[in-house]
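Below, each chain spelled out in residue letters.
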Amino acid sequence: MRINPDTAKIRDNKKIRHLFYIIPHFFLQNQNIHRIFAERIYGKRIARKSCSENKGDLIMTEMNDRRLPVGIQSFEKIRKEGYLYVDKTDIIWQLANRNKTYNYLSRPRRFGKSILVDTLQAYFEGKKELFEGLKVMKLEKDWTCYPVIRLDMSCGGATPEELNSYLDDAFYKLEQKYEVAVRPEVSLAVRFQNIIETMFQKTGKQAVILIDEYDSPLQHSWKTPQHDACTAIYKSVFAVLKKEDEHERFVFITGITKFTQISLFSVLNNLSNISFDAPYATICGISKQEAAENFIPEIEAMGEENGWTPEETLKQLTAYYDGYHFCHRNMVDIFNPFSLINALADRELRNYWVSSGATSLLPKFVDNMEMKMEYFDHCFIEGDTLETSDVVNGGAELFLYQSGYLTIKGYDDGVYILGFPNFEVRKALYRVVVPALTMKSNSEVVSAQSFLRKMMQDGNAAEAKKALKALIADVPYSNKKMASMDMEERYRLIMSTIFRALGFRVEVERMLATGRIDMIVEVPSFIYVLELKLSNNGGISAAESQIKEKSYTDPFKADKRKVIALAVELDETGKGLIDWKEVDESL
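What counts, and at which threshold
- The residue count restarts for each chain, going from 1 along the sequence in the order it is written.
- The model is predicted, so local features are restricted to residues of pLDDT at least 70 and side-chain atom pairs to those at 80 or more, both for listing and for counting; the totals for chains, interfaces and linings are taken over all residues.
- Only heavy atoms go into the side-chain values, all of them from the structure, while hydrogens and water stay out.
- Here a strand is any run of E in DSSP of at least two residues, a helix any run of H or I of at least four, and the numbering for each starts at the N terminus.
- Each residue is placed in one exposure class: buried if its accessible area under a 1.4 Å probe, protein chains only, is under 20% of its type's maximum, exposed if it is over 50%, and partly exposed if it falls in between.
- Contacts were defined at the residue level, with two residues in contact if any of their heavy atoms lie within 4.5 Å.
- To measure how exposed things are, a 1.4 Å probe is used in the Shrake-Rupley method; for residues, cover is taken only from the protein chains shown.
- One side-chain nitrogen of Lys or Arg within 4 Å of one carboxyl oxygen of Asp or Glu is enough to make a salt bridge.
- For two strands to count as paired, DSSP must find a minimum of two bridges between them.
- Pairs of N or O atoms within 3.5 Å make up the polar contacts considered here, provided that, within protein, one atom can donate a hydrogen while the other can accept it, and that residues adjacent in sequence are counted only when both atoms are side-chain atoms.
- Each axis is a line fitted through C-alpha atoms, taken for helices only over the stretch in contact, and angles between the N-to-C directions span 0 to 180 degrees.
- Geometric relationships in this document are graded by angle, where less than 35 degrees denotes roughly parallel, more than 145 denotes roughly antiparallel, 65 to 115 denotes roughly perpendicular, and other angles denote oblique.
- Left-handed describes a crossing whose near helix is turned anticlockwise from the far helix by less than a right angle; the clockwise case is right-handed.
- Any residue outside Ala, Val, Leu, Ile, Met, Phe, Trp, Tyr, Cys, Pro, Asp, Glu, Lys and Arg is labelled polar, Gly included; the first ten of those are nonpolar and the last four are charged.
- To estimate the expected span of a helix, subtract one from its residue number and multiply by 1.5 Å.

Caption draft 1: Structural view of the overall build of the chain. Helix and strand counts for the chain stand at 27 helices and 15 strands. The 587 residues of the chain split such that 56% are buried. Counting only contacts in the chain whose residues sit at least 6 apart along the sequence, the fraction spanning at least 24 positions is 70%. Within the structure as shown, the chain displays about 25,300 Å² of accessible surface, and the carbon and sulfur contribution to it stands at 47%.

Caption draft 2: Molecular detail of the pattern of salt bridges. Enumeration according to the criterion identifies 33 salt bridges in this entry. For Glu 213, the salt bridge is made with Lys 113, and the minimal N-O distance between the two is 3.4 Å. Residue Glu 213 is located in the loop between β3 (207–212) and α9 (216–221), and its partner Lys 113 is located in helix α6 (residues 113–124); the two are separated by 100 residues in the primary sequence. Comparing Glu 213 with Lys 113, the two get one shared label, buried. A salt bridge links Glu 509 to Arg 492, with the shortest nitrogen-to-oxygen separation between them at 3.5 Å. Note that Glu 509 is positioned in strand β11 (residues 505–511) and Arg 492 in helix α26 (residues 487–501), a separation of 17 residues in sequence. The class for Arg 492 is buried, based on a relative accessible area of 12%. Each of the salt bridges in this network shares a partner with another, and the network as a whole consists of Glu 76, Lys 80, Glu 125 and Lys 127.

Caption draft 3: Main features of the sheet that holds strand β5 (residues 272–273). With parallel pairing, five strands are arranged side by side in an open sheet as β2-β3-β4-β1-β5. Lying at the two open borders of the sheet, with one neighbouring strand each, are β2 (148–152) and β5. Relative to strand β4 (residues 248–255), strand β1 (residues 102–106) runs parallel, the two sharing five bridges. What sits directly across from Asn 103, in β4, is Phe 252.

Caption draft 4: The arrangement of the environment of Val 148 in detail. As for its placement among the helices and strands, Val 148 is situated in strand β2. On the accessibility criterion, Val 148 (8% relative accessible area) is buried. In this structure, the C-alpha to C-alpha distance between Val 148 and Val 251, residues 103 residues apart in sequence, is 9.9 Å. The residues contacting Val 148, other than those within four sequence positions of it, are Gln 121, Phe 124, Glu 125, Leu 174, Tyr 178, Met 199, Val 208 and Leu 210.

Caption draft 5: Inspection of the side chain of Ser 221 at higher detail. Its location among the elements puts Ser 221 in helix α9. On the basis of relative accessibility, which here comes to 0%, the residue Ser 221 falls in the buried class. For Ser 221, the side chain forms a polar contact with the main-chain oxygen of Pro 217, separated by 2.8 Å.

Caption draft 6: Geometry of the environment of Asp 579. Its place among the elements puts Asp 579 in strand β15 (residues 577–583). It is 9.3 Å that separates the C-alpha atoms of Asp 579 and Lys 466, two residues lying 113 residues apart in sequence. Setting aside residues up to four positions removed in sequence, Asp 579 forms contacts with Lys 465, Lys 469, Ile 540, Ala 567, Val 568 and Glu 569. A polar side-chain atom of Asp 579 sits 2.6 Å from a polar atom in the side chain of Lys 465.

Caption draft 7: Looking closely at unusual backbone geometry. Residues other than glycine seldom take positive phi values, yet Asn 99 does so here, at roughly 65 degrees. Of note, Asn 99 is situated in the loop between α5 (89–96) and β1. On the basis of relative accessible area, Asn 99 is assigned to the exposed category, the value being 78%. Backbone geometry places Met 439, a non-glycine residue, at a positive phi of 60 degrees. Mapped onto the fold, Met 439 is located in the loop between α22 (423–438) and α23 (442–458). Judged by relative accessible area, which is 48%, Met 439 ranks as partly exposed.

Caption draft 8: Examining the sheet that holds strand β9 (residues 407–412) more closely. The antiparallel open sheet is built from three strands, whose spatial order is β8-β10-β9. Two strands bound the open sheet, and with one partner strand each, they are β8 (379–382) and β9. Adjacent strand axes in the sheet meet at a mean angle of 35 degrees when their direction is disregarded.

Caption draft 9: Focus on the packing of helix α7 (residues 160–178) against helix α8 (residues 188–203). Two elements in contact, α7 and α8, have axes separated by 10 Å at closest approach and are oriented at 25 degrees. The angle between α7 and α8 places the two elements in the roughly parallel class. You can see that α7 and α8 cross each other, and the crossing is left-handed. On α8, the residues touching Asn 164, Leu 167, Asp 168, Phe 171, Tyr 172, Leu 174, Glu 175 and Tyr 178 of α7 are Leu 188, Arg 191, Phe 192, Ile 195, Thr 198, Met 199, Lys 202 and Thr 203. Broken down by class, the residue content of the contact of α7 with α8 amounts to nine nonpolar, three polar and four charged.

Caption draft 10: Structural context of α8. Between the first and last C-alpha of α8 there are 22 Å, a value that for 16 residues agrees with the 22 Å anticipated at 1.5 Å per step. Of the positions making up α8, those classed as buried are Leu 188, Ala 189, Arg 191, Phe 192, Gln 193, Asn 194, Ile 195, Ile 196, Thr 198 and Met 199. On the buried face of α8, the contacting elements are β2, α7, β3, α10 (227–238), α11 (240–243) and β4. Gly 204 occupies a position one or two residues after α8 and carries a positive phi of about 75 degrees.

Caption draft 11: Just the side chain of Lys 113, in detail. Overall, the relative accessible area of 2% leaves Lys 113 in the buried class. In this structure the side chain of Lys 113 is engaged in a polar contact, spanning 3.1 Å, whose partner is the backbone oxygen of Arg 107. Among the polar contacts listed, one links the side chain of Lys 113 to the backbone oxygen of Pro 108, at a separation of 2.8 Å. In this view, Lys 113 contacts Arg 107, Pro 108, Asp 212, Glu 213, Thr 254, Gly 255, Ile 256 and Cys 284; residues no more than four positions away in its chain are not counted.

Caption draft 12: Expanded view of the packing of α22 against α26. At their nearest, the axes of α22 and α26 sit 8 Å apart, and the two run at 140 degrees to each other. Our classification of the angle between α22 and α26 gives oblique. Of the two elements, α22 crosses α26, and the hand of that crossing is left-handed. For the pair formed by α22 and α26, the contact residues are Lys 427, Tyr 430, Arg 431, Val 433, Val 434, Leu 437 and Thr 438 on the first element and Leu 493, Ile 494, Thr 497, Ile 498, Arg 500 and Ala 501 on the second. Tallied by class, the residues present in the contact of α22 with α26 amount to eight nonpolar, two polar and three charged.

Caption draft 13: A look at the pairing of strand β12 (residues 516–522). For β12, a buried count of six out of seven residues is recorded, marking the element as mostly surrounded by other parts of the structure. For β11 and β12, the ladder comprises six bridges, and the chain directions are antiparallel. Of the residues in β12, the one forming a bridge with Glu 507 is Ile 520. Counting the residues that bridge the hairpin from β11 to β12 gives four residues. With four bridges connecting them, β12 and strand β13 (residues 526–534) associate as antiparallel partners. In the strand pairing of β13, Glu 522 is matched with Ile 527. Between the end of β12 and the start of β13, which pair antiparallel, lie three residues.

So this is what it looks like as structure tokens:
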């Protein structure tokens, strides 16, 4: 597949359209990245000269035999049907054989917890044939088959009736399989106990108990009248785990948020939380190294589709979906696997994780989020709070971390530094808060934002002004949550939030030797430099003079994008944007 001159022009245009999102650091800067990775993937050396000539053919040949596991959570299906699998079985083996019975792992939703649980089930059921060629084959010698109880609590609903119904059905199937005698009117807790004991009696093996997404009914019932009743069911049923420890080989619990008042945490005082342990930092998700080792043909195909080199494609994927850290002692960068796999399958950069419903629980756990976005992007939390606290009492930062909206950025003397992991999450959160901040319906916001984005990307400042006027009209005056802020500060918050929700790079109050720029907004082909002035502080005239006198556009002259300087006048009573004017500094 050769690149003709027309294709080259498209490539150049797409670089301009997208590359401004790229984060400044990346682990691969080798110009021979294709040759090196092709050798790794295809198992043979490829001469430098023939590499570029044969690249397209190699990609197409390889891609025909490769299947991405989009939405598949069955380890057996992945292995039997030839889907790509990132081999983590050495880490899984270590977890299963570390002589700790009770284990808990917290990771964000759509982060690979269910496929991890499924792999553990296959391992403990002794399905050796599914692991042929994987790392665990060098570690496991016995392949003992244990009886397994697996509960997927994401099926447990949000009411006590739904939760009871799910557990009743799950226990009934196990009772049928192991021929457990069931007495009428017996409680769920007693049935659970009888199942564990009968498994041991009939197989001579201790039970393996896998509880996936344990917190789902508790999350969805939180702040509803049903929550206490759901919690009572948990306390009753899962208290059995401690009582039956002599009949349990391994208990593994996954979740997102931590509700310590239920028996999983209050009764199992020897529950080992591996969520922050260095050996398990990469047990879920996909590291950069794993992406390089497993998905180079897909990365190259995505690059071909969008006119990017392999290096550029990896950088784009990194900026959008990478950046998670789960252990301050092992700060390896982790991709969101759901977003990465979908992006490689579609060969597009989209907000996959958010589109799957990731933001639905935010209003339950975070109040007034629209006022705190900049704070959350660089916030602090005590180590004990992050690692051990209950989500109910741990504050918004704890919930946002556990749910995947924040990640570990650093650690200093017992205090974690948290921030947004990547572009996908940042953009999604800003989109969520815009309706609340502007006091408009979601449909009103979406329509105006779509028009604003198009006009700003086209460099049409006059039309962009109309959309922005509609979005912020009366907001600084009417939104009482901003009452403690001065008027210009209110406008900066509203405008920067709107621009960030569009996916633009925004910088507020950049300091120069000559002064301080109020706002910089970067879009693919333009850089907007905004100076804001209230009407009673000189308005457009004062803003224009300051842009010229302070030479605010000088720092961007080396950039290939066109710079548009805007002198912005805002109503001093909070009624909104009055006007703006493009400033020509040459006059």
